[in-house]
Amino acid sequence: MTMNVYFATMTGNAESLATSVVDEFVASGLEASLVDMGKVSPSDLTKTECAVFIVSTWGEGEPPNDADEFWSELEFAALDLSCMHYAVFGLGDSGYDEFNGFARDLDERLKVLGAKPFMDRVDADIDYSDDFDDWEARVLKHAGAAMGADLSAAMGADLTAEMS
Ligand SMILES: Cc1cc2nc3c(=O)[nH]c(=O)nc-3n(C[C@H](O)[C@H](O)[C@H](O)COP(=O)(O)O)c2cc1C
């Protein structure tokens, strides 16, 4: 099983955090791939069992330019993502009206398509490093344990504990 680490970025913050997650998984002996949302199609998600999304927000609550096409397809695609467990980490700036607007929209859309969050979304602000360190450690703990065992059984249990 591979953890797919998706990122959408404009100025590189989300990509560097996504690279860190991949490095941590690999250092723990788990498989992980770095995926640029600007280079894939949402239909790839139907083959993904375990994913994290690290995305920034630009414009007025919009995705980074490179992820525009991915998002406009995902918004209207009738995909069945019921096999996917995921977590979202948003990068934004609370000085903007649509704080983490893209992370919120993405999280909501994934849920509508049947994907199951294994952790609550984190909406991080400009000073995101502490939130990220905490989120990354939890991702490794939850997803790592689940990937070492059976994903649905292990994540189902974690999900119940985490979301309650
Ligand atoms: C022109 C501009 C528009 C932005 N718009 C938003 C926004 O609507 N909502 C938000 O939460 N953050 C917004 N941000 C903040 C960025 O999302 C934040 O700086 C983030 O860390 C950038 O990450 P990236 O390098 O991965 O793109 C904006 C930043 C700039 C410079």
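Cut-off values and rules
Residues numbered from 1 in each chain as written. Predicted model: local features only at pLDDT ≥ 70, side-chain atom pairs only at ≥ 80, totals over all residues. Near = placed C-beta within 6 Å. Nonpolar A, V, L, I, M, F, W, Y, C, P; charged D, E, K, R; others polar. Core = buried A, V, L, I, M, F, W, Y, C linked by C-beta atoms within 7 Å. Buried ≥ 20, exposed ≤ 12 C-beta atoms within 10 Å, placed from the backbone. Helix = DSSP H or I, 4+ residues; strand = E, 2+ residues; numbered from the N terminus. Contact = placed C-beta atoms within 7 Å. Pairing = 2+ DSSP bridges. Right-handed = clockwise from strand over helix to strand, strands pointing away.

A.B. asks: How should the site of the ligand be read in this particular structure?
C.D. replies: Lining the immediate environment of the ligand, one finds 21 residues, of which Thr 9, Thr 11, Asn 13, Ser 56 and Gly 92 sit closest. Taken together, the residues that form the shell around the ligand break down as 7 nonpolar, 11 polar and 3 charged.

A.B. asks: Could you clarify how one ought to interpret the nonpolar core in this entry?
C.D. replies: As a rule of thumb, soluble globular proteins bury nonpolar side chains together. Of all hydrophobic cores here, the largest spans 45 residues; its most connected members are Val 5, Val 52, Val 55 and Tyr 86. Secondary-structure elements contributing two or more residues to this core are strand 1 (2-8), helix 1 (13-27), strand 2 (31-36), strand 3 (50-56), helix 2 (68-76), strand 4 (85-91), helix 3 (101-112) and helix 4 (129-148). Sequence-distant contacts of Val 55, defined by excluding residues within four places in its chain, comprise Phe 7, Ala 8, Ala 14, Pro 63, Gly 90, Leu 91, Phe 102, Ala 103 and Leu 106.

A.B. asks: Looking at this model, I keep getting lost on the pairing of strand 4. Mind explaining?
C.D. replies: Within a regular strand, side chains alternate between the sheet's two faces. Among the 7 residues in strand 4, 7 count as buried, and that is most of the element. Along strand 4, one buried face is formed by His 85, Ala 87, Phe 89 and Leu 91 and the opposite face, lined by Tyr 86, Val 88 and Gly 90, is buried too. Where strand 3 meets strand 4, 7 bridges bridge the pair, whose relative direction is parallel. Counterpart to Ile 54 in the pairing with strand 4 is Phe 89. Between strand 3 and its parallel partner strand 4, the chain crosses via helix 2, and the hand of that crossover is right-handed. Both strand 4 and strand 5 (residues 116-117) contribute to a ladder of 2 bridges, which runs parallel. Following the sheet pairing, Tyr 86 is matched in strand 5 by Pro 117.

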